[in-house]
Protein chains: 2
Amino acid sequence: MPQLRLALAQVNACVGDLSGNAELVVDWTRKAVEAGAHLVVFPEMALTGYPVEDLALRESFADASRRALDALAVDLADRGLGDIAVFVGYLDRDERGARNAAAVLHGGAVVARQHKHHLPNYGVFDERRYFTPGDSLDVVRLHGLEIGLVICEDLWQDGGPIAALGAAGVDLVVSPNASPYERKKDDARLPLVARRAVEAGAPLAYVNLVGGQDELVFDGDTMVVTATGELITRAPQFVEQLTVLDLDLPGGAARADGLVGDFTVHRRTLSADPLPSYEPLPVPPSAEPLSDEAEVWHALVVGLRDYVHKNGFRSVTLGLSGGIDSAVVASLSVDALGAGNVYGVSMPSVYSSDHSKSDAYEMARRTGLDYQVQPIADMVEVFVSQLGLTGLAEENVQARCRGVTLMGLSNQHGHLVLATGNKTELAVGYSTIYGDAVGGFAPIKDVLKTLVWDLAKWRNAQAEKLGELPPIPENSITKPPSAELRPGQVDTDSLPDYELLDAVLDDYVEGDKGYQDLLAAGFAPELVDRVLRMVDRAEYKRRQYPPGTKISLKAFGRDRRLPITNGWREG
Amino acid sequence: MPQLRLALAQVNACVGDLSGNAELVVDWTRKAVEAGAHLVVFPEMALTGYPVEDLALRESFADASRRALDALAVDLADRGLGDIAVFVGYLDRDERGARNAAAVLHGGAVVARQHKHHLPNYGVFDERRYFTPGDSLDVVRLHGLEIGLVICEDLWQDGGPIAALGAAGVDLVVSPNASPYERKKDDARLPLVARRAVEAGAPLAYVNLVGGQDELVFDGDTMVVTATGELITRAPQFVEQLTVLDLDLPGGAARADGLVGDFTVHRRTLSADPLPSYEPLPVPPSAEPLSDEAEVWHALVVGLRDYVHKNGFRSVTLGLSGGIDSAVVASLSVDALGAGNVYGVSMPSVYSSDHSKSDAYEMARRTGLDYQVQPIADMVEVFVSQLGLTGLAEENVQARCRGVTLMGLSNQHGHLVLATGNKTELAVGYSTIYGDAVGGFAPIKDVLKTLVWDLAKWRNAQAEKLGELPPIPENSITKPPSAELRPGQVDTDSLPDYELLDAVLDDYVEGDKGYQDLLAAGFAPELVDRVLRMVDRAEYKRRQYPPGTKISLKAFGRDRRLPITNGWREG
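Calculation notes
- Residues numbered from 1 in each chain as written.
- Chains lettered and ligands numbered in written order.
- Predicted model: local features only at pLDDT ≥ 70, side-chain atom pairs only at ≥ 80, totals over all residues.
- Heavy atoms only, no water.
- Contact = heavy atoms within 4.5 Å.
- Buried area = accessible area lost by both parts, 1.4 Å probe.
- Salt bridge = Lys/Arg side-chain N within 4 Å of Asp/Glu carboxyl O.
- Polar contact = N/O pair within 3.5 Å; in protein donor to acceptor, adjacent residues only side chain to side chain.
- Helix = DSSP H or I, 4+ residues; strand = E, 2+ residues; numbered from the N terminus.
- Nonpolar A, V, L, I, M, F, W, Y, C, P; charged D, E, K, R; others polar.
- Least-squares fit on C-alpha atoms with pLDDT ≥ 70 in both.
- Pairing = 2+ DSSP bridges.
- Axes fitted to C-alpha atoms, helices over the stretch in contact; angles between N-to-C directions.

K.L.:
Any details on the interface of chain B and chain A? Residues and values, ideally.
P.N.:
Facing 76 residues of chain B, the contacting portion of chain A comprises 77 residues. Both faces combined, the contact of chain B with chain A buries some 6,600 Å², and carbon together with sulfur accounts for 53% of it. There are 6 salt bridges connecting chain B and chain A. Linking R561 of chain B and D126 of chain A is a salt bridge whose minimum nitrogen-to-oxygen distance equals 3.5 Å. For the pair chain B and chain A, the interface holds 43 residue pairs in polar contact (both at pLDDT 80 or more). Secondary-structure elements contributing two or more residues to the side of chain B that touches chain A are α2 (59-78), α3 (127-130), α6 (292-310), α9 (377-387), α10 (391-413) and α17 (539-543) of chain B. Per element, the largest residue contribution to the side of chain B that touches chain A is 12 residues, and it comes from α10 of chain B. A per-class count over the side of chain B that touches chain A returns 36 nonpolar, 21 polar and 19 charged.

See below:
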């Protein structure tokens, strides 16, 4: 049976960095060639990064992407990498508009181009804003084998391009993707990929980006399945990885070209003759699946690290309150950037408990992050007495003096400020705008409070497994949460119990359920009323909140777009 | 010739407020009936407000919209308003998804429904995210006359539903719209409406919303043209208005139904017999067109007023620096809310000039707004000395102490804080995040600096024309702009001349031009390099900036969606 050695490059591209991404393609193509591969597949829009957002509309950028692609083809050949077929996603533009495209580079030239057909326009995706859909399928013949191509969303459509490829006949389907992480999404991918392989009647190689881009993080999860839908191998999530795999393919699949279903199938021959048979490599083992907490933790670490580094920062600073949120953000930061690049600041007020200071110190001691104490009493006193502030105004001024302190240290020393708020707080508006909401990035913005605790416990347990000191002080996990903005304050003064609150938020925010559905789910009417009012009224705060990594089905931000001015009240 | 009296209700609906909007429809329908009208047309999605954003995806809201429509039909009849045909936009939902729809209410029932066909998905619009397009056209026969309906974007399409209505035959076309204001857009509307009337072979009545919704403001500009495209009457912009007009219509236009072009045409008879002839009303005079500055000023006043009131505030507070930006925002606030609801705060630092204080005071004296002085020296001193801040960090802490002061006064007294930054500053990042960028709303966020000056001069000249005291101190207009964050600082230390800077921004931000285009436009390479770097690097600040009224072709916000993490540099 004809053979083919496939390389799948699960890489971390940077949006807009055409020359950096082209270099990435060269580097990983060289690795593929060194491994003896005959073709290498890069993710969707690997040359431009994903998503490029409104850069797609700028002609100068689309032209630069096309030029970079042409130059890349030449460059690969110049470096002796012209024999391998390189499948790479890029931004195309023609007389009908911008295109989400993938090209095949071979022998120093762009030998095939294909445009994405199905353009997602839901959730975080706005592809109908940017791209004109394609209507052709470019099948390339490599060493006598027919290789079809489908881009990301095209894979998720019943009866879409895959069905046409199945009817036309292909020996292999490769699929470049830029599929952002969300919890449990990986559980959906394998069955989907398997179903499509069966539909295509050919093995299917799925390649996904890794790395963070603003609020999105891509988890990789590259995989290959057989023509009958069985998993052959699966790459680990959240790391760059080259998967190299030998396939025996029956060959002779071509049955039709021209118009097949709604698509025009073009076939292009790169090399007509099958390879002489060779000794295959052992099948790379599939990565162990990660637990839910492990997966989320990795997503948050990668999202944070890439935001910091891709934006030209090396270090971060954050307020350490001794509470669970700042402890988890500090621990993520240490994992992402190293303790030497994390600057924790304890900013006690007159209402701060002793344990808030000792727990913050203990966090620093356990992880080795840089630690300083900046009491805010003097600053607060000037504002409160000069402006005559009382009650909530006095509480908020404390949070804001902390914000000004962190920003001052950031300006003076060049650290990126991290906001430590969680999704529950952001949902109900339990945060002070320009106070604890200050920051360039908010690592746990999409993590509900109950999950923050679970992550802390998981991270400590991981450390224990590895014989390391658990990073998060036990007391930060077990004590009742408090904002400590007035004497004896605890969160439950203002908020329902977090278990209950998060359950309502899960249904209302992620599930988009209405009032009657929430009652039917068993929540008390007073609770539903109270929570929904809080959520609806906090929209203005969310608009000014820093970006943070999406991990849930529906994150605040581009995923959930609600008006601030909004007279609608469920009930 | 058969007659018909048409009423066009240019109203200010509030997003999400179904009961309030239903009441609005009843009130204006009553006015239409009192004026003897036979049909009344409300804007696109008048029952829900526009845009409802992700509320469109929430089933409970779509169901409530449908129920509110049914109840409205009954309610109108119960109040003796069942004889008039009421065309009203609403959110529909059926088995194929959510719909941007308009219904005809008559005799206590919903007698026709039509779905929007062309769904805009560019600029500020995301309608492909929300709605399923329609494929039918509902023509109603009222007093023997055939009345066709097209919703907003359907009007902007060549060969769209209007062509089908022309082929099917109608006596009149009515068009509900939610078309946001931008400069010069009204110049495009009349020729478009005229062309479509000719295409339909019938007079066309265009009805648009007025009022502010977050970053959008709707300007009305309701108009009627003849079958040959001549303007009959045009309503004033930015105010609620009922236009009542008698038309003589030839009748007998119906030529086809069933499938016409791509659309299925349904005809529904409300009343088959022509009206007995009656004495027509005089044609209402067309509103005088506004000058560019007047139009922008009205847009900003309405956008601000509606944001404040629709979000439950009565009063605003802002920093008065003596400079042009805060003077213009103060003047807009006084026009929008009355001087008694505007609280100006002068917050001098050790670097503040004498004229900054005297000009701020003069602004208050001229307009009668509430004025107080809160020096920030003591607050700044604590931060600077405790944290050891120098240079930019020291400059920023001054702006941030002002931000904390305004927020403290807001929390204590319940005023909404206004940010006074202009589009030029926001573009190049010449503002302090959590400092002067603090606020719930930013009225001149989409106004370039040079236009800020023009508006100030226009507003003063208007006052002089009316024999009133010009609100803005002459010195605030003429003095060189300065942030006054260090001794002797002026804006031109850090920025190019504003005329030049705004010209580049106009091409780069609004025009989306690339580097080569900018050079071709005659800008010096160093200038282009410098400005583009500043704009690209300030994206993170813009994401956390308050909302403000869009007046330009491309505003920051949903109109221009760029990644923060972005390796692309023009050049």
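K.L.:
Any chance you could break down the relation of the copies chain B and chain A for me, citing the residues and the numbers?
P.N.:
Relative to chain A, chain B is turned by 180° and slid 0.0 Å along the rotation axis, the superposed coordinates differing by an RMSD of 0.0 Å. The superposition operator between the copies reduces to a two-fold rotation axis. When each C-alpha of chain B is compared by its distance to the rotation axis, Q544 of chain B comes out closest, at 2.1 Å. A shared binding surface is used by both copies, with 100% of the interface residues of chain B retained as interface residues in chain A.

K.L.:
Any details on the sheet that holds strand β7 (residues 145-149) of chain B? Residues and values, ideally.
P.N.:
Residues and elements named next belong to chain B. Strands sit in the order β13-β12-β9-β8-β7-β6-β16-β15 across an open sheet of 8 strands; the sheet is mixed. Edge positions in the sheet fall to β13 (231-234) and β15 (258-260), since each has one partner strand and no second. Each strand axis lies, on average, 25° off the axis of its neighbour in the sheet, ignoring direction. In this sheet, strand β9 (residues 204-208) lies alongside strand β8 (residues 172-177) in parallel orientation, the contact comprising 5 bridges. Note on β9: the bridge partner recorded for S175 is Y206. Set on the sheet, helix α5 (residues 185-200) makes contact with β8, β9, β12 (223-225) and β13; between it and β12 the angle comes to about 40°.

K.L.:
Mind laying out the sheet that holds strand β13 (residues 231-234) of chain A, listing which residues take part and the relevant values?
P.N.:
Residues and elements named next belong to chain A. Read across the open sheet, the 8 strands follow the order β13-β12-β9-β8-β7-β6-β16-β15; overall the sheet is mixed. At either margin of the open sheet sits one strand with a lone partner, and together these are β13 and β15 (258-260). Direction aside, the axes of adjacent strands within the sheet are offset by 25° on average. With 3 bridges connecting them, strand β12 (residues 223-225) and β13 associate as antiparallel partners. Residue V224 lies in a different strand from β13, and its bridge partner there is T233. The sheet contacts of helix α5 (residues 185-200) involve β8 (172-177), β9 (204-208), β12 and β13, and relative to β12 the element is tilted by about 40°.

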